[in-house]
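Summary of structural features
Below are the chains, spelled out letter by letter.
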Amino acid sequence: MNNLKIAFIGGGNMARSLISGLIKAGYDSNLISVSNRSEGKLIALNKDFGIKTSLDNYEIAKDADVIVLAVKPQFMAEMLNQLTAKINNYGNRLIISLAAGVTVERLTSLLNGHKKIVRLMPNTPALIGYGVTGTFAAPDVNAEEKEFTNRILTAVGKVVWVEKESDINTVTAASGSSPAYFFLFMQYLIEHTKEMGLSEEQARTLVVETALGAAQMAIKNADVSLETLRAQVTSKGGTTFAAISKFEELNLKDSVSAAMDACVARAEEMQKLF
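What comes next is a walk through the structure. Given the structure is predicted, the values throughout are model-derived calculations rather than measurements. (Residues numbered from 1 in each chain as written. Predicted model: local features only at pLDDT ≥ 70, side-chain atom pairs only at ≥ 80, totals over all residues. Heavy atoms only, no water.)

Here the second largest pocket defines a volume of roughly 1200 Å³. Lining the second largest pocket are 46 residues, and of these Ala-70, Val-71, Lys-72, Pro-73 and Leu-98 lie nearest its centre. For the lining of the second largest pocket, the secondary-structure elements that each account for two or more residues are helix H1 (13–24), helix H3 (57–61), helix H4 (73–84), strand E6 (117–121), helix H7 (167–176), helix H8 (178–195) and helix H12 (252–273). Sort the elements by how many residues they give to the lining of the second largest pocket and H4 lands first, with six residues. Looking at the lining of the second largest pocket residue by residue, the class counts come to 22 nonpolar, 16 polar and eight charged. (1 Å grid on protein atoms, 1.4 Å probe; cavity = no way out; pocket = protein on both sides within 12 Å on 5 of 7 lines; lining within 4 Å. Points joined across faces, edges and corners; volume = space filled by probe spheres on them. Helix = DSSP H or I, 4+ residues; strand = E, 2+ residues; numbered from the N terminus. Nonpolar A, V, L, I, M, F, W, Y, C, P; charged D, E, K, R; others polar.)

Right, let's get into the pairing of strand E2 (residues 32–35). In the case of a regular strand, side chains alternate between the two sheet surfaces. Where burial is concerned, the two faces of E2 agree: the one with Ile-32 and Val-34 and the one with Ser-33 and Ser-35 are both buried. Note that strand E1 (residues 6–9) and E2 share four bridges and pair parallel. When the bridges of E2 are listed, Phe-8 appears paired with Val-34. The parallel pair E1 and E2 is bridged by H1, and the resulting crossover is right-handed. Sheet analysis places E2 next to strand E3 (residues 52–54), joined by three bridges and oriented parallel. Residue pairing in the sheet places Ser-35 in a bridge with Ser-54 of E3. In this fold, the crossover linking E2 to E3 by way of helix H2 (residues 39–49) has right-handed handedness. (Buried < 20%, exposed > 50% of the residue type's maximum accessible area, 1.4 Å probe, protein only. Pairing = 2+ DSSP bridges. Right-handed = clockwise from strand over helix to strand, strands pointing away.)

As structure tokens, then:
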């Protein structure tokens, strides 16, 4: 499956990151095309990657082997209804959807019964090659097609396959939305560091570089639990112990659990909307 034609419907940030990753990994740019409702993004994509672009979804999808649905969930039904009016039978095409809340069952109904569907839940670090993508394949997707999907996604980071489609909602809470959690925590650390007297530059450097270092320690010590890594810098009765004790007193764990549960609940609501 090295010479498959890939059509991206939607040219937003996530599509751009996948296109960029594929080309950097050596995929032939002549096999990649993209459509989008606004011409500005298409001009930029053509200039940056030399790929075929079109304002017409059908124009890029009609001869594609793989169609990546990279439109927002609220536009999916309208877009696919228009496309399916021209492509009645999707044959052996692999459909890859990036849309949150749009289930395989819903996509199948919009694709005239087509069942070769993979759902993705990427996250924004994919834009810089450090993403992680939760991935679910419908039963009709074969091993070779899964491997091809894996190839696309590893171009922008790590891939985690899940066995149940409902687990995609858990992925949303754990990684799809969680960059925002970390940004929020860093924001609050930086804000209070400034309130305590340091400059914006000093505070941002201290907090962001520490977050990067902590993540790297977790990665490079994969056989060590996070609890152990935390304990290694938490001397009983010391400064870190005081801070951690305050987090526990304020029920940080319960707050995190409640936030993730709210994320999953919203994902489940979205499934009924789209």
